[in-house]
Amino acid sequence: MDIPTLPDTAPPTRRRKAAMIVQMLIGDGTQLSLSQLPEHLQLLRTQELGALRLVDRNTVTTVAEEFLAELEAVGLSAPGTHDGAVMALADHLSGPLADKLRKQTHEVRNGDHWPTVVNLDITRIVDIMCAESTELCAVTLSKLPVAKAAEVLTKTPGDRARRITYAMSQTADVSPDAVRRIGAALAQDYSSANPLAFEMAPVQRLGAILNATPTETREDLLTGLGTTDPTFANSVRKAIFTFKDIAPRVKPTDIPNCIRAVDGQIMTAAIAAGLAGDEQLVASAEFILESISQRMASQIREDASELGPIKKAEAEAAMAEITKAIRELVDSGTITLIDPDENAEEEEAA
């Protein structure tokens, strides 16, 4: 014989009361937007509702009255969640910020910040590999797609990479909650770049300044810098691009495009100054002439020979116009300069 289920006699908890309110609203035909709640809260509501049996009328009435009293006491209703706040304010925020917040809302669901971490660029993830504990790095590596994890491991220093791979053997018993908290911490620490006072790195800033300084001043400063910090001085030299650098760093096929916007008289003056200069200046001037049509090169040589000696300031200004035109094409991505270090390595390998 079936034994009837008796009503609950213990005082209902707040969770049980919430489940009772949900049941009353559903029973009355109300459409509830529970999907907006985080999944773990949806799960709790479902479990509490599933645990409800018979509830006496007095308890139901008491719970309903408490619920109504709380509603009447509410003076302000706000979204209460990050997702809800983004949806409420989206039309009142700037377009870029609203899009950024929507992206964060899409990526961070139910406390899972790992999509944000996984989408970091390789360099940023390598930073994690070098800065965090090996156990945390092993968890991070495990969350990455295989191809990306392999690339990160390849770019991580050897000894560090070996310790991280060993630590992966100790991740079998890591709890899901620990993994979730690791993802949240990494997303907070690495998902946004630290605010910078300057857009360019020190090497690029100093290189741009020295590009515009007279040759003697530039060489004097680089010599002194080489004594103080040879590594930094070498990096700055690579960032500097002068007329002397045209021959070793510009591809011959790019020269016509580089000089197209240069005024004819300035071009002639620069070539005349280059041909009358030291070995490196002569090499760059000849390189330019050899990279254009023979007819144009002959005309420039003829015009340059008729100019005679050129004042130093005028010569530097003319050559600076050509290097400026080249740097603009480099900055726009139209052409790419040859890295002198890579070129040297290829010659050694050959």
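Each residue is numbered by its place in its chain's sequence as written, counting from 1. Confidence filtering applies because this is a predicted model: local features only for residues at pLDDT of at least 70, side-chain atom pairs given and counted only at 80 or more, and all residues used for totals across whole chains, interfaces and linings. By convention in this description, side-chain values take in all heavy atoms of the structure and omit both hydrogens and water.

Things to note about the nonpolar core
By size, the foremost hydrophobic cluster in this structure holds 29 residues, and its most contacted members are F243, I246, V250, I255, M267, I322 and I326. Starting at the N terminus, helices and strands are each numbered in turn, a helix being any DSSP run of H or I of at least four residues and a strand any DSSP run of E of at least two. Among the elements of the structure, helix 16 (255-259), helix 17 (264-275), helix 18 (279-290), helix 19 (294-307) and helix 20 (312-331) are those that each provide at least two residues to this core. Among the elements that make up this core, the one with the highest residue count is helix 20 (seven residues). Whether two residues are in contact is decided by their heavy atoms, any of which lying within 4.5 Å being enough. Among all residues touching I326, those that are not within four sequence positions of it are F241, I246, V250, C258, I335 and L337. Nonpolar cores are built from buried Ala, Val, Leu, Ile, Met, Phe, Trp, Tyr and Cys residues. Side-chain atoms within 4.5 Å join them into one set. Each residue's exposure class comes from its accessible area (1.4 Å probe, protein chains only) as a fraction of the maximum for that residue type: buried when under 20%, exposed when over 50%, partly exposed otherwise.

Things to note about the pattern of salt bridges
Counted as salt bridges are all cases of a side-chain nitrogen of Lys or Arg within 4 Å of a carboxyl oxygen of Asp or Glu. Scanning the model with the defined rule gives 10 salt bridges in all. A salt bridge links E219 to R237; its shortest N-O distance comes to 3.6 Å. In this pair, E219 is assigned in helix 13 (residues 215-228) and R237 in helix 14 (residues 230-239), connecting sequence segments 18 residues apart. The exposure class assigned to E219 is partly exposed, which follows from its relative accessible area of 33%. Among the salt bridges present, the one from R301 reaches E286, with a minimum N-O distance of 2.5 Å. Of this pair, R301 sits in helix 19 while E286 sits in helix 18; the two residues are 15 residues apart in sequence, bridging distant segments of the chain. What makes R301 partly exposed here is its relative accessible area of 35%. You can call E286 partly exposed: its relative accessible area is 22%.

With respect to helix 9 (residues 146-155)
Every buried residue of helix 9 is listed here: K148, A149 and V152. For helix 9, the arc enclosing every buried residue in end-on projection is 100°, short of the 170-degree limit, so these residues lie on one face. Away from the buried face of helix 9 by more than 90 degrees, exposed residues V146, A147 and T154 are located. It is the directions from the helix axis to the C-beta atoms that the arc portrays.

Comments concerning the side chain of T268
Its location among the elements puts T268 in helix 17. Exposure remark for T268: the relative accessible area of 9% places this residue in the buried category. Discounting residues that sit within four places of it in the chain, T268 has contacts with I300, D303, A304 and L307.

Overview of the state of the cysteines
The disulfide criterion is simple: two cysteine sulfur atoms within 2.5 Å. Applying the stated criterion across every chain, the model contains zero disulfides. With no disulfide of its own, C130 lies 8.0 Å from the sulfur of C137, the closest cysteine sulfur.

Comments concerning the side chain of S291
Within the secondary structure layout, S291 lies in the loop between helix 18 and helix 19. Taking relative accessible area as the criterion, S291 reaches 15% and is therefore assigned buried. A polar contact is formed between the side chain of S291 and the backbone oxygen of F287, at a distance of 2.7 Å. When sequence neighbours within four positions are dropped, the list of residues in contact with S291 reads P252, I255 and P256. What qualifies as a polar contact is a pair of N or O atoms within 3.5 Å, subject to a donor-acceptor requirement within protein and to the restriction that residues adjacent in sequence count only when both atoms come from side chains.

It is worth stressing that arrangement in space is one thing and function is another; only the former is reported here.
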